[in-house]
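# Structural overview for review
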Amino acid sequence: MKNELQKFLRAIPSMETLLSLPWVESLTLELGREAVKALFNEALLELRRDARDGKVPLDGDPAKAIEDRARRRISQRAKSSLARLVNATGVVIHTNLGRSPLPPEAIEALTHLSGGYSSLEYSLESGTRGQRNAHVEWLIRQVTGAEAAIVTNNNAGAVLLALSALARGREVVVSSGELVEIGGSFRIPDILAFSGAKMVQVGCTNCTHLRDYRDAIGEETAILLKVHPSNYRIQGFTESVSREDISALARERGVICMEDMGSGLIESLGRSDLGGEPTVRECLAAGVDIVTFSGDKLLGGPQIGCIAGSAALIDRIRGHQLLRALRVDKMTLAAFEVILRMYLKGQSDRIPVVAMIRRSEDELRERAEALSQKLRALLDELSVSSYDVGITETDDAVGGGSFPARSIAGWGVVVTSRAGIGATKLSARLRETGTPIIAGVREDKLVLHVRTLLDGEDEAVLGAFREIFG
Ligand SMILES: *Cc1c(COP(=O)(O)O)cnc(C)c1O
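Report follows, based on the coordinates. Not measured: the values here are computed from a predicted model. (Residues numbered from 1 in each chain as written. Predicted model: local features only at pLDDT ≥ 70, side-chain atom pairs only at ≥ 80, totals over all residues. Heavy atoms only, no water.)

### Digging into unusual backbone geometry
With the exception of glycine, the majority of residues adopt a negative phi angle, and the majority of peptide bonds are in the trans configuration. Filter applied, for reference: Secondary structure elements are taken from DSSP: a helix is a run of H or I of four residues or more, a strand is a run of E of two residues or more, and numbering for both begins at the N terminus. Exposure is judged per residue with a 1.4 Å probe applied to protein chains only, and the accessible area is read against the type maximum: over 50% gives exposed, under 20% gives buried, and values in between give partly exposed.
Notably, arginine 99 is not glycine yet its phi reads approximately 55°, a positive angle. Relative to the helices and strands, arginine 99 resides in the loop between strand 2 (91-93) and helix 6 (104-114). According to the relative accessible area criterion, arginine 99 is partly exposed, its value standing at 21%. Positioned with a positive phi, serine 383 is a non-glycine residue whose angle comes to about 55°. Turning to its location among the elements, serine 383 is positioned in the loop between helix 17 (361-381) and strand 14 (387-399). What makes serine 383 exposed here is its relative accessible area of 63%.

Now the structure itself:
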């Protein structure tokens, strides 16, 4: 056994030989010789270890073993890691899949702007230093009714900045039912602690009353904070206090009323099944002094955080050092300006996530039918007969923490295997194609939800099937 192992290890080709393998040349052009060598070394270490641990058959070909392992590693690294893909899950604001896709006009603006110098912090009028926030502040005011606004790199940053600037060393009153965690890394109690504010928790998990807030207000109170319980719902015997009541109490006692809205709905989605989510304008009109929200959730823009509301409070935030660390880059601002102008012009239908949420069942059914016909024709053409292709009703979701526990009715293409690979395996194969397709799996059937397919992505789906079965 020991001899066999030594024989195997000795027969692994030298680095020199490996680097001169024919397939290595093109990958060296992609990665450079040093990186390729490092990846070969990783593969060599792994193979030697596996051979010693008895995980490799010692009567196999060592040259082939190292080549297989190294080739997988090196090819993987030569591909772009951040990949464009097709979201066929029916979850419109999918945080793992990059949330909001941008419309062509926004992409054009950020491409044009970032390819050269820009007026990012320059006033063309005076020829002196300008403000990066100024490019979008007026527009945010127009579409939300806020007196003033400031932007950060995301909403977590917006909440942190607002609390740091307005409540550091003082108390923030928040309902126990709203101490939420979002996406594992954003927790209200932690953000509060990090900002230097003291959290004063009121009420119980299911019920908080106005008197709870009233009793908690003292000398040290800076803010009454309301948080959108983003990704969950408490059902049954529940009570929370309306923003109208909280803000009236805050005004009466001379403290700030702040709401972390999360989603940043700008205008109604026009669906009777999606009521209850206030727009930013409604929130401010209800008396909330400042609100924070994301740019890439229901608003449908790039990753950004917004603080909007009272001019006096925004001015206090504007001067805070933390803003420098959370500032927005020029590509994001360029795209965000375009999106805000779409709302201003009444063109919200051109914003992909808004349009996707608004798609009617009839429209989705037609799309699913058309795609299923094309897919059936393709599989016929490729003489693949082991799958049934049809259409099905689906439960889609808005996602991004908006409208938790509520699905919206959609349609999809359902692929059922009779003798081919099963749905889980097929979905894994679809993730490995040139343009990966992320599909749903339901009762061992593959489901392609059409709500989240962008224009032209039917072709990408067909291309992926052609790649797998062609
Ligand atoms: C999503 C969300 C956040 C975090 O926003 P990011 O833009 O992802 O940083 C914070 N609060 C609420 C209520 C949210 O829904």
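What follows continues from the structure just given.
### Details of the nonpolar core
Where we set the bar: Among buried residues, those of type Ala, Val, Leu, Ile, Met, Phe, Trp, Tyr and Cys that are joined through side-chain atoms within 4.5 Å constitute a nonpolar core. Here, residues are in contact when the closest pair of their heavy atoms is within 4.5 Å.
One finds Ile140, Val151, Leu224, Val291 and Phe336 to be the most contacted residues of the largest nonpolar core, which totals 59 residues. It is helix 15 (residues 330-344) that provides the largest number of residues to this core, a total of 9 residues. When residues no more than four places from it in sequence are discounted, the contact partners of leucine 224 are Val173, Tyr213, Ile217, Ile246, Leu249, Ala250, Val255, Ile256, Cys257 and Met258. By size, the runner-up hydrophobic cluster in this structure holds 33 residues, among which are Ala165, Val172, Ile191 and Ala222.

### A few points about the packing of aromatic side chains
Inclusion rule: Any two rings among Phe, Tyr and Trp, with Trp reduced to its six-membered ring, count as a pair given centres within 6.5 Å; such a pair is stacked if its planes are under 30 degrees apart, edge-to-face if over 60, and tilted if neither.
Evaluation of the coordinates by the stated rule reveals 3 aromatic pairs. Centre to centre, the rings of tryptophan 23 and phenylalanine 40 are 6.0 Å apart; their planes meet at 45°, and the pair counts as tilted. With tryptophan 23 in the loop between helix 2 (15-19) and helix 3 (24-31) and phenylalanine 40 in helix 4 (residues 33-52), this residue pair connects regions lying 17 residues apart in the sequence. Grouping residues by exposure puts tryptophan 23 and phenylalanine 40 together as buried. Aromatic side chains phenylalanine 465 and phenylalanine 469 sit 6.3 Å apart centroid to centroid with 20° between the ring planes, which places their arrangement in the stacked category. Of this pair, phenylalanine 465 and phenylalanine 469 both sit in helix 19 (residues 457-469), separated by 4 residues, roughly a single helical turn.

### Looking at the layout of surface pockets
To keep things clear, this is the line we draw: Each cavity reported here is a set of points on a 1 Å grid over the protein atoms alone in which a 1.4 Å probe fits but cannot get out, each pocket an open set with protein on both sides within 12 Å along at least five of seven lines, and each lining residue one with an atom within 4 Å of a point. Grid points are joined across faces, edges and corners, and a volume is the space filled by probe spheres set on the points.
When its volume is computed, the largest pocket comes out at roughly 1400 Å³. In this structure, the largest pocket is lined by 47 residues; those nearest its centre are Leu97, Gly98, Arg99, Ser100 and Asp296. The set of elements that each furnish at least two residues to the lining of the largest pocket consists of strand 1 (86-88), strand 2, helix 6, helix 8 (155-167), helix 15 and helix 16 (352-358). Approximately 490 Å³ is the volume attributed to the second largest pocket. Lining the second largest pocket are 25 residues; nearest its centre among them are Glu178, Lys226, Pro229, Arg233 and Ser240.

### Some words on helix 18 (residues 423-431)
The condition is simple: For this quantity, the arc is that covered by the directions from the helix axis to the C-beta atoms.
Regarding helix 18, the residues found buried are Ala423, Leu426, Ser427 and Leu430. Down the axis, helix 18 shows its buried residues gathered within 100° of arc, on one side only. Structural note: helix 18 exposes Thr424 and Lys425 on the side pointing more than 90 degrees away from its buried face.

### Notes on the state of the cysteines
Just so we agree on the cut-off: The term disulfide is used for any two cysteine sulfur atoms that are within 2.5 Å.
Taken as a whole, this structure holds 0 disulfides when the rule is applied. Unpaired in terms of disulfides, cysteine 283 finds its nearest cysteine sulfur in cysteine 257, a separation of 8.3 Å.

### Section: the environment of threonine 221
Its location among the elements puts threonine 221 in strand 10 (residues 221-227). Linking threonine 221 and glutamate 147, residues 74 residues apart in sequence, is a C-alpha distance of 24 Å. If we skip the residues at most four places from it in the chain, threonine 221 touches Arg170, Glu171, Val173, Ala216 and Val255.

### Considerations on the pattern of salt bridges
Which entries qualify depends on this criterion: Should a side-chain nitrogen of Lys or Arg be within 4 Å of a carboxyl oxygen of Asp or Glu, the pair is scored as a salt bridge.
Per the counting criterion, the structure on display carries 27 salt bridges. Arginine 99 is the salt-bridge partner of aspartate 296, the closest N and O atoms lying 3.0 Å from each other. Pair noted here: aspartate 296 is in the loop between strand 12 (290-294) and strand 13 (305-309) and arginine 99 is in the loop between strand 2 and helix 6, with a separation of 197 residues, a long-range link. Close ionic contact of glutamate 181 with arginine 187 constitutes a salt bridge, the shortest N to O distance being 2.4 Å. Residue classification places arginine 187 among the partly exposed positions, given a relative accessible area of 40%.

### Description of the side chain of threonine 279
Summarising the element assignment, threonine 279 is placed in the loop between strand 11 (256-262) and helix 12 (280-285). When near neighbours in sequence (up to four residues on either side) are disregarded, threonine 279 contacts Met261, Leu265, Ile266, Glu267 and Ser268.

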